[in-house]
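# An overview of the molecular structure
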Amino acid sequence: MRWVRCLALFVAVALAAAGSVATPAASLPTTTPGGTWSTDGTVWDMVRIGNTLYLAGEFSRLVSPDGAQSLPRANLAAVSATTGQPLAWAPATDGAVLVVEASADGSRVYVGGHYGTIAGVTRARLAAVRTSDGTVDTAFRATTGGRVRSLLRVGSALFVGGEFADIGATAQRLVARVDAATGAVTPGWDPVLEGGAVRGMVVSPDGGRLYLAGSFTSVDGASHTRYAAAVSPSTGA
């Protein structure tokens, strides 16, 4: 997972390619000085939806290029993908956000990390936040017992990877499949991973395999699958 300490690199890439609720729009700057806005801490991940970049990490503010302006942003922020201008979307967390993923229709962002509350709502390490106003979608519930380090949505399923032993009320280690709308754990999808964590996931072009990467030492008892493995997205086998 890529990270930088400055938002400028992310915005430059986007340009080349192209609190509990949101801060009121009236508080936003109306002009952007030369250069791009930056964060005052690490950006661990990002996702683009339309013309908006959603940033996740460990930071407390967005700072203008000349340093004269700053906006409070607790580990989550949104900026224009074409100008780098800060946007009003600003749900706050009380801990690090390590990964973000978009819903199928772009109406929500899934937020994973190591936090206990987000936008004033208690959610342990995993939540869905509306892109329209930064509020938590309370219909989605899938809290975990440890850090969430990777998220991948495939159709109506959301795959969750990290260093946890349970998700919701279900005992499940390091990786899980949940319903992208409700967070309900998929019954029977339970590859047995040991050791470490799942830190990255990608699906094959035909959708037949889910590739896992991380520091785990075995999958379903097979030690030759340490650090990287492939399982079925539909059955977990």
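A brief structural summary. The structure presented is a predicted model; accordingly, all values stated were derived computationally and were not measured. (Residues numbered from 1 in each chain as written. Predicted model: local features only at pLDDT ≥ 70, side-chain atom pairs only at ≥ 80, totals over all residues. Heavy atoms only, no water.)

### Considering the overall build of the protein
Note the following rule: Counting from the N terminus, the helices are the DSSP runs of H or I reaching at least four residues and the strands are the DSSP runs of E reaching at least two. Residue burial is assigned from relative accessible area. The probe radius is 1.4 Å, only protein chains are included, and a residue is buried under 20% of its type maximum, exposed over 50%, and partly exposed in between. Note on areas: Shrake-Rupley with a 1.4 Å probe; residue coverage comes only from the protein chains shown.
Helices and strands together make up the secondary structure of the protein, namely one helix and 21 strands. Counting every position in the protein, which comprises 237 residues, the buried fraction comes to 49%. Accessible area for the protein stands at about 9,900 Å²; split by element, carbon and sulfur atoms hold 54% of it.

### Looking at the packing of aromatic side chains
Using the following cut-off: The aromatic pairing rule takes the rings of Phe, Tyr and Trp, using the six-membered ring of Trp, and pairs them if the centres are within 6.5 Å, calling planes under 30 degrees apart stacked, those over 60 edge-to-face and the rest tilted.
By the definition in use, this model includes three aromatic pairs. Relative to W89, the ring of Y54 has its centre 4.8 Å away and its plane inclined at 80°; by these criteria the two rings are edge-to-face. Of this pair, Y54 sits in strand 3 (residues 52-58) while W89 is found in the loop between strand 6 (76-80) and strand 7 (96-102), placing the two residues 35 residues apart along the sequence. Here the two residues Y54 and W89 agree in accessibility, since each one is buried. The interplanar angle of 55° and the centroid separation of 5.4 Å between the aromatic rings of Y110 and F140 together place this pair among those described as tilted. Remark: F140 occurs in the loop between strand 11 (126-130) and strand 12 (147-154) and Y110 occurs in strand 8 (residues 108-114); sequence separation between them is 30 residues. The pair Y110 / F140 is uniform in exposure class, with both members buried.

### Things to note about the pairing of strand 2 (residues 42-49)
Spelled out, the test is: A pair of strands is treated as paired once DSSP finds two or more bridges between them.
For strand 2 and strand 3, the ladder comprises seven bridges, and the chain directions are antiparallel. In the strand pairing of strand 3, I49 is matched with T52. The hairpin turn running from strand 2 into strand 3, its antiparallel successor, is two residues long, and G50 in that turn takes a positive phi close to 60°.

### Looking at the sheet that holds strand 2
Each strand in a sheet pairs with another by means of backbone hydrogen bonds, the pair being arranged parallel or else antiparallel. Here is the rule we go by: Fitted lines through C-alpha atoms serve as axes, helices being fitted only where they are in contact, and the angles separating the N-to-C directions of these axes extend from 0 to 180 degrees.
Across the sheet, three strands lie side by side as 2-3-6; this open sheet has antiparallel pairing. Two strands close off the open sheet at either side, each with one partner strand: strand 2 and strand 6. On average, each strand axis in the sheet is inclined to that of its neighbour by 25°, with strand direction left out of account.

### What about the sheet that holds strand 16 (residues 175-179)?
Across the sheet, three strands lie side by side as 12-13-16; this open sheet has antiparallel pairing. The open sheet terminates on both sides in strands that have one partner only, identified here as strand 12 and strand 16. Across the sheet, the mean angle from the axis of one strand to that of its neighbour is 25°, orientation sign disregarded. Across five bridges, strand 13 (residues 157-163) lies against strand 16 in antiparallel orientation. By the bridge assignment for strand 16, G161 is matched with V175.

### Some thoughts on the nonpolar core
When a protein is soluble and globular, its nonpolar side chains tend to lie buried together. Which entries qualify depends on this criterion: Joining through side-chain atoms within 4.5 Å is the link that ties buried Ala, Val, Leu, Ile, Met, Phe, Trp, Tyr and Cys residues into a set, and such a set is a nonpolar core. By definition, residues are in contact when any of their heavy atoms lie within 4.5 Å.
Core analysis: the largest hydrophobic core is formed by 18 residues, its most contacted members being Y54, L76, V97, V100, V111 and I118. If you list the elements that add at least two residues to this core, you get strand 2, strand 3, strand 6, strand 7, strand 8 and strand 11. Looking at this core, the element that brings in the most residues is strand 7, giving three residues. If sequence neighbours within four positions are ignored, I118 has contacts with L76, A92, T93, V111, R123, A127, V129 and V136.

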